[in-house]
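As a plain string of letters, each chain reads:
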Amino acid sequence: MELIYQITNELWKKILNWMKEEKNQERFLWVCFGISLLPLLALSFFNHPVMDDFNYGILTHRAFMENKGLGFVIPVLQAAVQRSVNLWHSWQGTFSFAVIGALRPSIFTEKLTFTHTFILLALLITGMVYFSKIVLHRILGLSRHAAMIVAILVMTLCIQYVPVGLEAFYWWIGSIGYTGLFGVMLVLFAKLFLSKYEKRISAKRMAAMTALAFLLSGGMYPILLLTAVLMVLNLLDILIGKQYDKTMKIQTAAMNVIFFAGFILNVAAPGNRRRQSNFDPRTPLEAIYKSYTKSIDYLFECTNVIIALVMIGLFVYMLYKLKDTKFSFRCPFMFTLVSYSMVVVMWVPAIYAVRFISGGRYYNILYYGVIMFYTANVIYYAGWLRRQYEKCGTQVQKLIRDAAPVLMGVLGIFCVVLGFLKINIVTDLEEITSATALKSMVYGEAQVYHQEIKEREAMYNDPNIREVEVEEVTYRPELLYFGTLTPDPDESRNQAMCDYYDKDYMVKLVPEEEEGAEEEASEETGDSEDAEKGEDE
């Protein structure tokens, strides 16, 4: 026993010594982060296209099926643009989103559906890592390792506690325009901040920022509006600022012209007016006021004890790491107001147009915004306190240093007590996205669902079968299932799948004893939606 104790003790000392180096701390967190993603990536191999995936992919899938070999590339791209044009006239002006939505990888074969999750996670992770690298490392002056440690913590919270994981990483149409373009937006913002910091825009960066700006100008409205606000603020600051040369002013103005050309093309679409006729919009001022009030409620609603503990730990970590930065961290309350207003901006389009937030995909990006708001303010206030400490006299600084161990001990005890009282291991574990994915696979729900849908897709892709009738799936994995065929052959989802797979008739069979229950559930859903709208009004 003594030998085992000695070996364990020596091993523990080596681990602690290894973890003292910042680069090793980063490596350790990257390994943990990668492991946490494995269940999400594994579950993607059981995923299948659903809902509007078919609607958006009708033309591109047909173009692929009608053109063999490499000759399919141009027709598929043309079909994606045509889908965007059709949507612009009939539903909404999100032209770039429509093109991306129509080009989902699984239009070529359902076997590629797993790539949806890989792409969506890659876009979000790339955006957050690049944003952290530029803002924290290049601009604030933190070490690259410290910047990546912060990025990993933020990404973990965003991914593992996302409100609706299905619409974040598995449903292509519901995810790419929100989670996907959110990551793209972060890359653009980082490049804008870096350009202001360096007071120059290289030709390569100008081309990249212009392309990203135009892509976002045809995206979904919460991301579009936030991008527009930042683009305008950035332009005004550069035009007014004497530290920026004429070339940079012209470059920024040109980039804004291209962005707002796409912005106008998006919001002026005839489809927007047709869609808007179904709703009674608020006035702009009312929408802004309601967005502030509702976003504050959501801020507390989506914050759990895990997020609070991570932010406390990050605050302490930043108090130490920001000692070598030159940033002044002035006017912290103003920073809080401005940064929170950036989160509120994403609420405005829905509150203005339809009076409420619809869809988990929308709540997902609002949640990302909340986490980034918390992180930004934790870092900013830690930096501000650090600057205040540096302004103190030698005796006051010594007093603070002597009191630091006691303060850290009290804070540590508070965190332990808070965690003990508020964390429910069973309940809180089920909220983690990776745990939900793992549960679906361990219980066999994902495997059964996958096998049943594969059998259906074999029928869907059989040209000799013109009429398809299927039963309800046995299981509905929480992160995968989002509807299938309905009992009504004339319902839009059924018609879209008929067009997609070139069938005459597709329907879901419902046992007679379940028909009444399904109709009652439908009525209850409608009542609840009406009630939600009433509350929002």
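Caption draft 1: Examining the pattern of salt bridges more closely. Inspection of the entire model under this criterion finds 16 salt bridges. Residue Asp237 pairs with Lys196 through a salt bridge whose shortest N-O separation is 2.1 Å. On the criterion of sequence distance, the pair formed by Asp237 in helix α11 (residues 221–240) and Lys196 in helix α9 (residues 172–198) is long-range, its members being 41 residues apart. Judged by relative accessible area, Asp237 falls into the partly exposed class, the value being 35%. Under the relative-accessibility criterion, Lys196 is labelled buried at 18%.

Caption draft 2: View of helix α22 (residues 445–460). Counted at 1.5 Å a residue, the expected span for α22 with its 16 residues is 22 Å, and the 22 Å between its end C-alpha atoms agrees. Of all the positions in α22, only Ala446, Tyr449, His450, Glu452, Ile453, Arg456, Glu457 and Tyr460 are classed as buried. As for α22, its buried residues are in contact with α2 (22–43), α21 (433–442), β1 (467–471), α23 (492–501) and β2 (505–509).

Caption draft 3: Region of interest: the packing of aromatic side chains. Taken as a whole, this structure holds 32 aromatic pairs when the rule is applied. For the ring pair Phe54 and Tyr501, a centre distance of 5.7 Å and an interplane angle of 55° mean the geometry is tilted. With a gap of 447 residues between them, Phe54 in helix α3 (residues 52–66) and Tyr501 in helix α23 connect regions that are remote in the sequence. When sorted by exposure, Phe54 lands in the same class as Tyr501, which is buried. Seen in terms of ring centroids, Phe373 and Tyr374 are 5.9 Å apart; in terms of plane orientation they differ by 40°. Their pairing is tilted. Accessibility assignment for this pair places Phe373 and Tyr374 in one class, buried. Here a set of aromatic residues connected by ring pairs shows up, and it is made of Phe54, Tyr460, Tyr500 and Tyr501. For Arg83, the ring lying beneath its charged end belongs to Tyr56, and the centroid distance is 4.4 Å. Here Arg104 stacks its cationic end above the ring of Phe54, 6.0 Å away from the centre of that ring.

Caption draft 4: Seen up close, the packing of helix α15 (residues 305–321) against helix α18 (residues 360–391). One way to put it is that α15 packs onto α18 with a least axis distance of 8 Å and a crossing angle of 35°. As for how α15 packs across α18, the hand of that crossing is right-handed. Facing α15, whose interface residues are Ile307, Met311, Leu314, Phe315, Met318, Leu319 and Tyr320, α18 presents Tyr367, Ile371, Tyr374, Thr375, Val378, Ile379, Tyr381, Ala382, Leu385 and Arg386. Residue composition of the contact of α15 with α18, by class: 15 nonpolar, one polar and one charged.

Caption draft 5: Unusual backbone geometry, seen in detail. Notably, Met51 is not glycine yet its phi reads approximately 50°, a positive angle. Residue placement: Met51 occurs in the loop between α2 and α3. Its relative accessible area of 23% is what places Met51 among the partly exposed residues. Although it is not a glycine, Phe329 adopts a positive phi angle of roughly 55°. Within the secondary structure layout, Phe329 lies in the loop between α15 and α16 (332–345).

Caption draft 6: Spatial organisation of the environment of Trp172. Along the chain, the position of Trp172 falls in helix α9. According to the relative accessible area criterion, Trp172 is buried, its value standing at 4%. In this structure, the C-alpha to C-alpha distance between Trp172 and His450, residues 278 residues apart in sequence, is 17 Å. If we skip the residues at most four places from it in the chain, Trp172 touches Asp53, Ile100, Gly101, Arg104, Pro105, His116 and Ile119.

Caption draft 7: Inspection of the pairing of β2 at higher detail. In terms of strand pairing, β1 meets β2 through five bridges, oriented parallel. Bridged to Glu469 within β2 is Val507.

Caption draft 8: Structural context of the environment of Thr210. For Thr210, the position within the fold is in helix α10 (residues 203–217). Between the alpha carbons of Thr210 and Asn256 there is a distance of 8.4 Å; along the sequence they are 46 residues apart. If near-sequence neighbours (up to four positions away) are discounted, Thr210 is found in contact with Met255 and Ile258.

Caption draft 9: Structural context of α9. Helix length check: α9, at 27 residues, gives a terminal C-alpha distance of 37 Å against a target of 39 Å (1.5 Å per residue), a fit within 8%. The buried fraction of α9 amounts to 24 of the 27 residues, a majority that puts the element mostly inside the structure. A positive phi of about 60° marks Lys199, the residue just after α9.

Caption draft 10: How the structure looks around the state of the cysteines. One pass over the structure, following the stated rule, counts zero disulfides. Counting only cysteine sulfurs, Cys392 is the nearest neighbor of Cys331, a cysteine outside any disulfide, at a range of 18 Å. For Cys331, a relative accessible area of 55% gives the class exposed.

Caption draft 11: Expanded view of a nonpolar patch on the surface. Taken together, the side chains of Leu11, Trp12, Ile15 and Leu16 define a hydrophobic patch exposed on the protein surface, amounting to about 400 Å² of accessible area. With respect to the element layout, Leu11 can be found in helix α1 (residues 2–19).

Procedures and definitions
Residues numbered from 1 in each chain as written. Predicted model: local features only at pLDDT ≥ 70, side-chain atom pairs only at ≥ 80, totals over all residues. Heavy atoms only, no water. Salt bridge = Lys/Arg side-chain N within 4 Å of Asp/Glu carboxyl O. Helix = DSSP H or I, 4+ residues; strand = E, 2+ residues; numbered from the N terminus. Buried < 20%, exposed > 50% of the residue type's maximum accessible area, 1.4 Å probe, protein only. Expected span 1.5 Å × (residues − 1). Contact = heavy atoms within 4.5 Å. Phe/Tyr/Trp six-rings, centres within 6.5 Å; stacked < 30°, edge-to-face > 60°. Lys NZ or Arg CZ within 6 Å of the ring centre and 35° of its normal. Axes fitted to C-alpha atoms, helices over the stretch in contact; angles between N-to-C directions. Left-handed = near helix turned anticlockwise from the far one by under 90°. Nonpolar A, V, L, I, M, F, W, Y, C, P; charged D, E, K, R; others polar. Pairing = 2+ DSSP bridges. Disulfide = S-S within 2.5 Å. Patch = residues over 30% accessible without salt bridge, like charges linked within 9 Å, V, L, I, M, F, W, Y side chains within 5 Å. Areas by Shrake-Rupley, 256 points an atom, 1.4 Å probe, with all protein chains shown as cover.

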